[in-house]
Amino acid sequence: MVPVEKALQGVLARIAAAARAAGRDPAEVTLLAVSKTFPAAAVREAYAAGLRAFGENYVQEGAAKRAELADLPGLRLALIGPLQSNKARLAAEAFDAVETVERLKTAQRLSAARPAGRPPLDVLVQANISGEATKSGCAPEDAVALAQAVAGLPHLRLRGFMGIAEPTEDVAKQRAQFALLRRCRDEARAKGLDVPVLSMGMTADLEAAIAEGATEVRVGTAIFGARPAASGVR
Ligand SMILES: *Cc1c(COP(=O)(O)O)cnc(C)c1O
């Protein structure tokens, strides 16, 4: 087996084990392969192993990979890094999903910039569940109101919520932060929003996220290996 394929099987086994431990069907949890900083060739290899959905942190890097990988049918790219509103146009063109909507203005720009003839852009509202001042996302208490506003925009399709837990080995802490995001989802549902997606959990904490209801985990390192430290991206 090629390395990515082997690593992928390990990740799928972790996801399945975590789902079963939580009394959930492993099929409820999808995998977003985080290919940031890795070349298009790595995405190709993962695609050949069966993956279709990839996460990128930088708008320009994602747009470049979109162009390089235009021959792969069904490839889906999600933006999982912070989005400046001046990059909204390129993001709305290059990506199938943006998981990092944290203010209405950016969502409005994405909606306005989504090219005609393309399906609506899938979006998640990112909430800052770790409470760290340096982290992106709206305050969890504002997430549902933002989701309601985003749901009204014509060229976006609200799908749910995204969050990043604080880097800690304390599983109870991880779970408490993921539970905050789940409560946003539950509250949004109670208000009638269609929000099937809870994107939470990465290489280090996907088990805790799945225990708290993640429907998508975003995994980079465990699939592609360690990123060069110079990328500066956690
Ligand atoms: C880099 C990144 C990931 C993947 O992290 P790993 O620890 O490599 O699995 C997931 N989500 C976001 C938002 C990221 O920036």
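In case you missed it, the structure is sitting above this.
Cut-offs used in this document
Residues numbered from 1 in each chain as written. Predicted model: local features only at pLDDT ≥ 70, side-chain atom pairs only at ≥ 80, totals over all residues. Heavy atoms only, no water. Helix = DSSP H or I, 4+ residues; strand = E, 2+ residues; numbered from the N terminus. Expected span 1.5 Å × (residues − 1). Contact = heavy atoms within 4.5 Å. Polar contact = N/O pair within 3.5 Å; in protein donor to acceptor, adjacent residues only side chain to side chain. Buried < 20%, exposed > 50% of the residue type's maximum accessible area, 1.4 Å probe, protein only. Near = heavy atom within 4 Å. Areas by Shrake-Rupley, 256 points an atom, 1.4 Å probe, with all protein chains shown as cover. Nonpolar A, V, L, I, M, F, W, Y, C, P; charged D, E, K, R; others polar.

Colleague: Hey, could you run me through helix 7 (residues 171–190) in this one?
Modeller: Spacing of three or four residues puts side chains on the same side of an α-helix, whose turn is 3.6 residues. Helix length check: helix 7, at 20 residues, gives a terminal C-alpha distance of 28 Å against a target of 28 Å (1.5 Å per residue), a fit within 8%. Looking at the buried positions of helix 7, the neighbouring elements they touch are strand 5 (121–127), helix 6 (143–151), strand 6 (156–163), strand 7 (197–199) and helix 8 (206–211). Residue Asp170 occupies the N-cap position of helix 7, its side-chain oxygen lying 3.0 Å from the main-chain nitrogen of Ala172. After helix 7 finishes, the residue Gly192 shows a positive phi value of roughly 90°.

Colleague: I would appreciate a short explanation of helix 5 (residues 104–113) in the present structure.
Modeller: Looking only at helix 5, the buried set comprises Thr106, Ala107, Leu110, Ser111 and Ala113. Looking at the buried residues of helix 5, the elements they touch are helix 4 (88–94), strand 4 (97–101), strand 5, helix 6 and strand 6.

Colleague: Mind showing me how you'd approach the site of the ligand here?
Modeller: Surveying the vicinity of the ligand reveals 14 residues, the closest of which are Lys36, Thr203, Gly220, Thr221 and Arg227. The separation between an oxygen atom of the ligand and a polar side-chain atom of Thr203 is 2.5 Å. Taken by itself the ligand offers 390 Å² of open surface, and the protein chains cover 94% of this. Tallied by class, residues from the shell around the ligand come to six nonpolar, four polar and four charged.

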